[in-house]
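Listed below are the residues making up each chain.
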Amino acid sequence: MVDKVLKGNGLYWGWLTLLLMIMGAGAIAYLVQFNYGLGATGMSRDVTWGIYISQFTFLVGVAAGGLMLVLPYYLHDYKSFGRITLLGEFMAIAAVIMCLMFIIADLGQPMRAMNVILHPSPNSMLFYDMIVLNGYLFLNVLCGFVVLSSEYRGIKYPNWVKPFIYLSIPWAISIHTVTAFLYCGLPGRHFWLTAVLAPRFLASAFAAGPALLLVIALIMKRTANFDVGQTAKDKLVTIIGYAAIINFFLLGCEVFVGYYSNIPGHMHTLDYLFFGLVDHSTGVMHNNLVPFMRASVAMGILGIIMLFIARRQKSDAMLATSCILIFVAFWIDKGLGLVLGGFVPTPMEHIVEYVPTVVELTVTAGVWSTGFFILTLLYKLVVAVKRDSEANLKVS
Amino acid sequence: MDNRRRKFLKLAGLTAAAGVAVPMLGSRAQAVSGHGAAPAAHGNDGHEAAPTGVRQGLVIDSGKFHDNPGLAEKCQKVCHDYHNVPKFPNSKDEIKWIWTDKFPNVFPDHSHYKKDARLSAMNILALCNHCDNPPCVRACPTGATFKNSDGVVMMDFHRCIGCRFCMAACPYGARSFNWRSPRGSENGKPFIKNYNQEFPSRMRGVVEKCSLCSWRTKQGKDPLCVEEANKGVEGAMVFGDLNDPHSEISQILRQRFTIQRKPSLGTKPSIFYII
């Protein structure tokens, strides 16, 4: 079965080569960071987490987003998702691997990472994050490959795997909930200290994950002649659209609580992200995330509108554009604003801004490329197996 | 409601201690006692339980520092020199254990619109609060930061994995990270100017902070900053056991009006300020 990834056209090999080159650059950049220390990044005493942890947070969402494809198929026997459920499970595998790589990249002493297991600390949310992320990876590898190999052999997946599939559904919720708990349980960080953080994480995840999947599905329709089907696409539009709307509703709740209560701590970070914030001890205006955050809101709303128009007009090009808009909008929201914004202002009410370095961006690109590399191989496998099994069905 | 939450926390704490290390059991028992406004967990009568064990703390008389310019800087120098705290050319790499800032920055919750000239001009000493209920210890995934039996929040530099969760968790900005090796140098200038052989320097990739000179206080001495401050003005800083009603610090706390940093967060700082 695995040999199927070794057969491909020039585009396939060209894409893999490109990814390998970026992965190589990322590995070199990581060596630079490993030898110098995390000072090679733009992080500082005041902004202690940067683009690594923000990518990690966003990608946990992408992984959890796979749930939206798994749940209808296995729990509600929604047959139209037959061709994309496995894609959802395999997207989760690639996303969790990226998450783990970003965590390792962010550690000051990566060689001591196993201390989390050697000295388990159930009081720390990071302890639970380790359990749920690795557990989710295990569940998706197990379920994904058992289901795929059954399909390869032309049989239905065995019953023993069903409990694992059912377990993976609440587990997907747990990974993003625990990731939100990393932030929203910290006293003194007002922007993160909100009970809607976990729900909002899930809403944006259930939009961004399926949006990425739909874009990839549309690309595969053109490059691999693999069509997930109109019904599945239409259903995904509903899922992505409503999840994205719920995310904006929750963002609106945050804005209301902050500005109507008029409590400075609740307004500071929102001010910083959307309007810019003046440091009162220096009089300097800080606003380097404002263009990104405003673009994020605009792209998100535009994406939602276009998404439903695209479905009515049955336009794949417009569908892809709207999904990209939503994905990028939520990437900015969670992959930049949420983590970086939370550190502004500092606990001593100063404003310190963060700008990632070239080393940091190269490592980040390397990790993303690794994720897409794994995703490409897995999807190649799924497409080949699906095509074989469907051809066999027609013959018989 | 509060009692139920406390019971849950205690249970969680016990589970934690059982999984981590035996010494933590002792400190966990302390974590629910001590100074603060929240009702204690013992019994359902809502009365605060008598504090048990030792809890080291400080009173800082900010007025005395204000009247003696330069004294706070001396305290910082003696601390940073002894503990091999490096000086980096780039401010983003900064490491500090004790430092000064303006009143609205050290006490953002206490700051108000019309401050008198003295308060506005004041530079207030800031350092680790050695909270009775430390969020950093709760956040640490390896037990590398922990509460000692004397209430002091400590760092195990050899266990720290450098995830910096504690830095995000600390509401006082008291923690620093070794973004690069403090043992190195740039343009021929070492980051640690005069290396003190009596105290270990750290390696890159770990978090560090004030330890309230636990290595000295174990021998019955005052922390270095306290000793230095009192050389300048007697009573500028007082160190002692907050749980001992007869200690000098307890007597001062009974007599004087003091404030803590961000008391609303429930961390129960062990550092008190006379303004």
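On a predicted model such as this, the values are computed, not experimentally measured, just so you know.

Describing the overall build of chain A
In terms of regular secondary structure, chain A is built from 13 helices and two strands. Relative to the 2.2 N^0.38 estimate, which gives 21 Å for 396 residues, the radius of gyration of chain A is 21 Å and therefore close to what a compact globule would have. For chain A, contacts bridging at least 24 residues in sequence account for 77% of all contacts bridging at least 6. Of note, chain A has its 24 positive side-chain charges centred 12 Å away from the centre of its 19 negative side-chain charges.

Some remarks on the side chain of A:Ser124
Inspection of the secondary structure puts A:Ser124 in the loop between helix 5 (115-118) and helix 6 (125-152). For A:Ser124, the side chain forms a polar contact with the main-chain nitrogen of A:Leu126, separated by 3.2 Å. In this view, A:Ser124 contacts B:Arg138, B:Ala139, B:Cys140, B:Pro141 and B:Phe165; residues no more than four positions away in its chain are not counted.

Points about the interface of chain B and chain A
Reports of interface size often rely on the accessible area that becomes lost once the parts have come together. With 53 residues of chain B at the interface, the matching set in chain A holds 41 residues. When the two sides are added together, the surface that chain B and chain A hide from each other amounts to roughly 3,900 Å², 54% of it contributed by carbon and sulfur. Inspection of the chain B/chain A interface yields one salt bridge. Close ionic contact of A:Asp106 with B:Arg164 constitutes a salt bridge, the shortest N to O distance being 2.6 Å. Scanning the region where chain B abuts chain A turns up 33 residue pairs in polar contact (both at pLDDT 80 or more). At the level of secondary structure, the elements contributing two or more residues to the side of chain B that touches chain A comprise helix 1 (2-20), strand 2 (98-102), helix 5 (103-106), helix 7 (135-139), helix 8 (165-169) and strand 6 (176-177) of chain B. For the side of chain B that touches chain A, the per-class residue count stands at 28 nonpolar, eleven polar and 14 charged.

What to know about the packing of aromatic side chains
What the rule picks out here adds up to 30 aromatic pairs over all chains. Between A:Tyr242 and A:Phe308, the ring centres sit 6.5 Å apart and the planes meet at 75°, which makes this aromatic pair edge-to-face. Separated by 66 residues along the polypeptide, A:Tyr242 in helix 9 (residues 230-261) and A:Phe308 in helix 11 (residues 290-313) bring together distant segments of the chain. Residue class for A:Tyr242 comes out exposed when judged on its relative accessible area of 52%. Among the aromatic side chains, those forming a connected cluster through ring pairs are A:Trp49, A:Tyr183, A:Trp192, A:Phe201, A:Phe343 and B:Phe165.

A few points about the nonpolar core
Membership of the largest hydrophobic core comes to 153 residues, with the highest contact counts inside it found for A:Tyr183 and A:Tyr379. In terms of residue count, helix 8 (residues 197-223) of chain A provides more of this core than any other element does, 17 residues in total. Every residue in contact with A:Tyr379, bar those within four places of it in the chain, is listed here: A:Leu87, A:Gly88, A:Phe90, A:Met91, A:Leu213, A:Ile216 and A:Met220. Counting 47 residues, the second largest nonpolar core, distinct from the first, contains B:Trp97, B:Phe199, B:Val226 and B:Phe239.

Side note on the side chain of A:Glu254
Residue and element names in this part refer to chain A. Take Glu254: it is sitting in helix 9. Buried and unpaired, Glu254 has Arg200 as its nearest opposite-charge partner, separated by 5.4 Å. What Glu254 contacts, discounting residues up to four positions off in sequence, is Thr194, Val196 and Leu270.

What to know about unusual backbone geometry
All names here are of chain A. For the bond from Val344 to Pro345, the omega torsion is -5°, close enough to zero to count as cis. Structurally, Pro345 is set in the loop between helix 12 (316-342) and helix 13 (358-395). Phi angles above zero are rare outside glycine, and Asp77 is one such case at about 55°. Within the element layout of this structure, Asp77 appears in the loop between helix 3 (67-75) and helix 4 (85-106). For Asn262, which is not glycine, the phi dihedral falls at a positive 65°. Counting through the fold element by element, Asn262 comes out in the loop between helix 9 and helix 10 (264-274).

Quick notes on the pattern of salt bridges
Scanning the model with the defined rule gives 19 salt bridges over all chains in all. B:Lys231 serves as the salt-bridge partner of B:Glu228, at 3.4 Å between the closest nitrogen and oxygen. Taken as a pair, B:Glu228 and B:Lys231 lie in helix 10 (residues 224-232) at a separation of three residues, close to a single helical turn. Accessibility expressed as a relative area gives 60% for B:Lys231, which makes it exposed. A network of salt bridges, in which partner residues are shared, links A:Lys221, A:Lys233 and A:Asp316.

Some thoughts on the packing of helix 6 of chain A against helix 7 (residues 162-184) of chain A
Residues and elements named next belong to chain A. At their nearest, the axes of helix 6 and helix 7 sit 9 Å apart, and the two run at 150° to each other. As far as their axial angle goes, helix 7 and helix 6 are roughly antiparallel. Between helix 6 and helix 7 the crossing geometry is left-handed. Its residues placed into classes, the contact of helix 6 with helix 7 shows 21 nonpolar, four polar and one charged.

Conventions used here
- Per chain, the residues get numbers from 1 upward, laid out in the order the sequence is written.
- Each chain gets a letter, beginning with A, and each ligand a number, beginning with 1, in the order they are written.
- Predicted model: local features are reported for residues with pLDDT of at least 70 only, side-chain atom pairs are reported and counted for 80 or more only, and whole-chain, interface and lining totals are derived from all residues.
- As a rule here, side-chain values cover all heavy atoms of the structure and leave hydrogens and water aside.
- The helix count covers DSSP runs of H or I at least four residues long, the strand count covers runs of E at least two residues long, and both are numbered beginning at the N terminus.
- Taken over C-alpha atoms, the radius of gyration is set against a globule rule of 2.2 Å times the number of residues to the power 0.38.
- For this analysis, residues touch if any pair of their heavy atoms sits within 4.5 Å.
- For the purpose of charge, His is not counted, nor are the chain termini; Lys and Arg are scored as positive and Asp and Glu as negative.
- By convention, the charge on Lys lies at NZ, on Arg at CZ, on Asp at CG and on Glu at CD.
- Polar contact criterion, stated in full: a pair of N or O atoms within 3.5 Å, where within protein one must be able to donate a hydrogen and the other to accept it, and residues adjacent in sequence count only if both atoms are side-chain atoms.
- Buried surface area refers to the total accessible area, computed with a probe of radius 1.4 Å, that the two partners give up upon joining, counted for both partners together.
- In the sections that follow, a salt bridge refers to a side-chain nitrogen of Lys or Arg positioned within 4 Å of a carboxyl oxygen of Asp or Glu.
- For this classification, the nonpolar set comprises Ala, Val, Leu, Ile, Met, Phe, Trp, Tyr, Cys and Pro, the charged set comprises Asp, Glu, Lys and Arg, and every other residue, Gly included, is treated as polar.
- Classification of ring pairs uses Phe, Tyr and Trp, with its six-membered ring standing for Trp, and accepts pairs whose centres are within 6.5 Å; under 30 degrees between planes counts as stacked, over 60 as edge-to-face, and the remaining range as tilted.
- For each residue, the accessible area found with a 1.4 Å probe, counting protein chains only, is set against the maximum for its type, and the residue is called buried under 20%, exposed over 50%, and partly exposed in between.
- Among buried residues, the Ala, Val, Leu, Ile, Met, Phe, Trp, Tyr and Cys ones that are joined through side-chain atoms within 4.5 Å form a nonpolar core.
- Working convention: axes come from line fits to C-alpha atoms, limited for helices to the stretch in contact. Angles between N-to-C directions cover 0 to 180 degrees.
- For this classification, under 35 degrees means roughly parallel, over 145 means roughly antiparallel, 65 to 115 means roughly perpendicular, and everything else is oblique.
- Working rule for handedness: look at the near helix, and if it is turned counterclockwise from the far one by less than a right angle, call the crossing left-handed; if clockwise, right-handed.

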